Amino acid sequence: MASNKKRVLVPHLLGKTGLDMLKAREDIDVVTFGNTIPSDDFNALLRQHAQVNGAILGLTSFGEKECQGANGLQVVARIGVGYDAIDVPALTRHRVPLMVAGTANSPSVAEQAMHFMMALAKRGAEQHAMVRDNRWGDRMSALPVDLINKTVLIVGFGRIGTRTAKRCQAMEMTVLIYDPYVPAASVRAAGYESVADLDAALRRADFVTIHCPKTPETVGMFDAARLARMKPSSYLVNTARGGIIDETALHAALTGGRIAGAGLDVFDLEPTPVDNPLLELANVISAPHMAGVTVESIERMAEQSALNVLSVFDGKTIRQNVINPEALD
């Protein structure tokens, strides 16, 4: 490799759009690695090369050890917006920006949240089972409900929460927003009701959908006490991160009639064990952490990830996608 080339490590799962963008540059050397490469193997890959200037990551973790192993590292980009597998302070110490895919997968996650709400309200899984098992006589025992005129509480008003709010409003729902980091005036200007007291808002909500990041502040946010404040007829949706909901408490709430159902794209442990008791409940629908992954979003995220890396190399960093801007100072 010529000395003026930049070497970028990318996972096999990177969409074709982003991969082609990188390979089209004569000053870029692309090295691909396995989507689920173990940490030790990834570190060995870093050490194998004389320099690694950029890394695009899917599920791979990255921290101090990786920073030390990547000689010449200038940027780390995540395919997506979550970064709980990344040691951000370590990157900052090494003056390496961590960049995320911006709004590339936000519409997909918002749509999945709506899908969960509608599937729960319309009792999609249960009604399918009635048809499959020729139990048409049971259909009046599990009546669906409408979304129109219902109240939805959106926890987190960022890239995804704002899009979910628009979709809920289009369904003629009353939209409440809980986000202590967004000014109430901004929420009102967008056409929604800002709520400062999460516990009080839970008592009003027919649907609760979570769109906040996983942080020390939000881990266990929905514990037994908080779930007890929800309506017995309400539904809880999580397309954010596992750990925000206490799964044991959720199971108790679902089996004890304290809430009506839940839609879960994420779990404490992923893959979640096949004997996870939540999976046995008829009032739970789930997905394997795929809310932000669609045919279209894969390409959007790949394109944005490539643009993020190239922006750093070209001295035109897309700052709004940088998680640790202090690394740029």
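Let me begin by describing the structure that accompanies this report.

Points about a nonpolar patch on the surface
On the surface, a nonpolar cluster with roughly 210 Å² of combined accessible area is contributed by Met290, Val293 and Ile298. Locating Met290 in the fold gives a position in the loop between strand S12 (284-286) and helix H12 (295-313).

Considerations on the pairing of strand S9 (residues 207-210)
Of the two faces of S9, the one carrying Phe207 and Thr209 and the one carrying Val208 and Ile210 are both buried. The sheet contact formed by strand S6 (residues 151-155) and S9 spans 4 bridges and is parallel. Opposite Leu153, over in S9, you have Val208 as the bridge partner. Pairing geometry for S9 and strand S10 (residues 235-238), over 4 bridges, is parallel. In the strand pairing of S10, Phe207 is matched with Tyr235.

Section: helix H2 (residues 39-48)
Taken together, the buried positions of H2 are Phe42, Asn43, Leu45 and Leu46. Seen end-on, H2 carries its buried residues on one side only, within an arc spanning 155°. Those residues of H2 that are exposed and aimed more than 90 degrees away from the buried face are Asp40, Arg47 and Gln48. Close packing links the buried residues of H2 with strand S1 (6-11), strand S2 (28-33), strand S3 (54-57) and helix H3 (64-69).

Re the sheet that holds S9
Overall, parallel pairing links the 7 strands, which are arranged S8-S7-S6-S9-S10-S11-S12 in an open sheet. Looking at strand neighbours, the two that pair on one side only are strand S8 (193-194) and S12, the edges of this open sheet. Pairing of S10 with strand S11 (residues 261-264) involves 4 bridges; the strand directions are parallel. Pairing of Val237 across the sheet is with Gly263, part of S11. Sitting on the sheet, helix H5 (residues 106-121) touches S6, S9, S10, S11 and S12, and the angle it makes with S10 is about 155°. With respect to the sheet, helix H11 (residues 247-255) is in contact with S10, S11 and S12, its orientation differing from that of S11 by roughly 145°.

Conventions adopted
Residues numbered from 1 in each chain as written. Predicted model: local features only at pLDDT ≥ 70, side-chain atom pairs only at ≥ 80, totals over all residues. Heavy atoms only, no water. Patch = residues over 30% accessible without salt bridge, like charges linked within 9 Å, V, L, I, M, F, W, Y side chains within 5 Å. Areas by Shrake-Rupley, 256 points an atom, 1.4 Å probe, with all protein chains shown as cover. Salt bridge = Lys/Arg side-chain N within 4 Å of Asp/Glu carboxyl O. Helix = DSSP H or I, 4+ residues; strand = E, 2+ residues; numbered from the N terminus. Buried < 20%, exposed > 50% of the residue type's maximum accessible area, 1.4 Å probe, protein only. Pairing = 2+ DSSP bridges. Arc of directions from axis to C-beta. Contact = heavy atoms within 4.5 Å. Axes fitted to C-alpha atoms, helices over the stretch in contact; angles between N-to-C directions.

Functional significance is not addressed by these values, which are geometric in nature.
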